[in-house]
Amino acid sequence: MPEVADKIQNEINVVQYIPALRAYAWTLTRAQQDVDDLVQETLMKAIANIERFQAGTNLRAWLMTIMRNSFYNNVAKRSRERMGGQDCASSMAWVNGTQEWSVRGGEIARAIRRLPAHYRETLILVVMLGESYETTAAICGVKMGTIKSRVNRARAMVLEELGEKD
């Protein structure tokens, strides 16, 4: 009976990480329509495999690892699929908000989007989502020193692009 209670508690804990999962999904997909799909896929996989989660470990990191692996598996699948037409409505441009406060945020977002994927991913995990270097290293499957270096370089690249050198 305690195993059932632990499983239920883990499923409840999974729900509290949905906002962080949505933010991370946004950094991976950079397309609103894909964010919900990726979060849903992650949650389904996590709940279906909740017995694989080791109590006492970082549930958030476990979920983010599932998401990252799902995303890259989907990218690999899509690379084998045939592309649709160029006139697809989903590829049409959209207009940014006209509020003045969104201008700088848009500049920052564009600068982050232009970063190489490994820099962008570590910057988002550490700076925006508040993950520790250690957890980020576990999620990305690299050493903590590599994460620190990537975050430092990513920050410098964004600042340089914004004209805000140290």
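What you are looking at is a predicted structure, and each value in this text was computed from that prediction instead of being measured.

Time to look at the overall build of the protein. A tally of helices and strands in the protein yields 8 helices and 0 strands. Along the protein, from the amino end to the carboxyl end, the secondary structure elements read α-α-α-α-α-α-α-α. For the protein, buried positions account for 34% of its 166 residues. The contacts of the protein with a sequence gap of at least 6 include a subset with a gap of at least 24, amounting to 62%.

Bringing helix α4 (residues 59–79) into the picture now. Its 21 residues give α4 an end-to-end C-alpha distance of 30 Å, which sits within 8% of 30 Å, the value for a rise of 1.5 Å per residue. What α4 keeps buried is the set L59, R60, A61, W62, L63, M64, I66, M67, R68, S70, F71 and N74. One side-chain oxygen at the N-terminal end of α4 lies 3.0 Å from the backbone nitrogen of R60; it belongs to N58.

The geometry of helix α2 (residues 18–29) relative to helix α3 (residues 32–48) is characterised by a closest axis approach of 8 Å and an angle of 130° between their N-to-C directions. In terms of orientation, α2 lies oblique with respect to α3. With respect to the hand of their crossing, α2 and α3 are arranged in right-handed fashion. On α3, the residues that touch I18, L21, R22, A25, W26, L28 and T29 of α2 are Q32, D34, V35, D36, L38, V39, T42 and L43. Grouping the amino acids of the contact of α2 with α3 by side-chain chemistry returns 9 nonpolar, 3 polar and 3 charged.

This paragraph deals with the environment of V127. Of note, V127 is situated in helix α6 (residues 117–128). The sequence separation of V127 and V151 amounts to 24 residues, and the corresponding C-alpha distance is 8.1 Å.

Definitions and limits used
Residues numbered from 1 in each chain as written. Predicted model: local features only at pLDDT ≥ 70, side-chain atom pairs only at ≥ 80, totals over all residues. Heavy atoms only, no water. Helix = DSSP H or I, 4+ residues; strand = E, 2+ residues; numbered from the N terminus. Buried < 20%, exposed > 50% of the residue type's maximum accessible area, 1.4 Å probe, protein only. Contact = heavy atoms within 4.5 Å. Expected span 1.5 Å × (residues − 1). Polar contact = N/O pair within 3.5 Å; in protein donor to acceptor, adjacent residues only side chain to side chain. Axes fitted to C-alpha atoms, helices over the stretch in contact; angles between N-to-C directions. Parallel < 35°, antiparallel > 145°, perpendicular 65-115°, else oblique. Left-handed = near helix turned anticlockwise from the far one by under 90°. Nonpolar A, V, L, I, M, F, W, Y, C, P; charged D, E, K, R; others polar.

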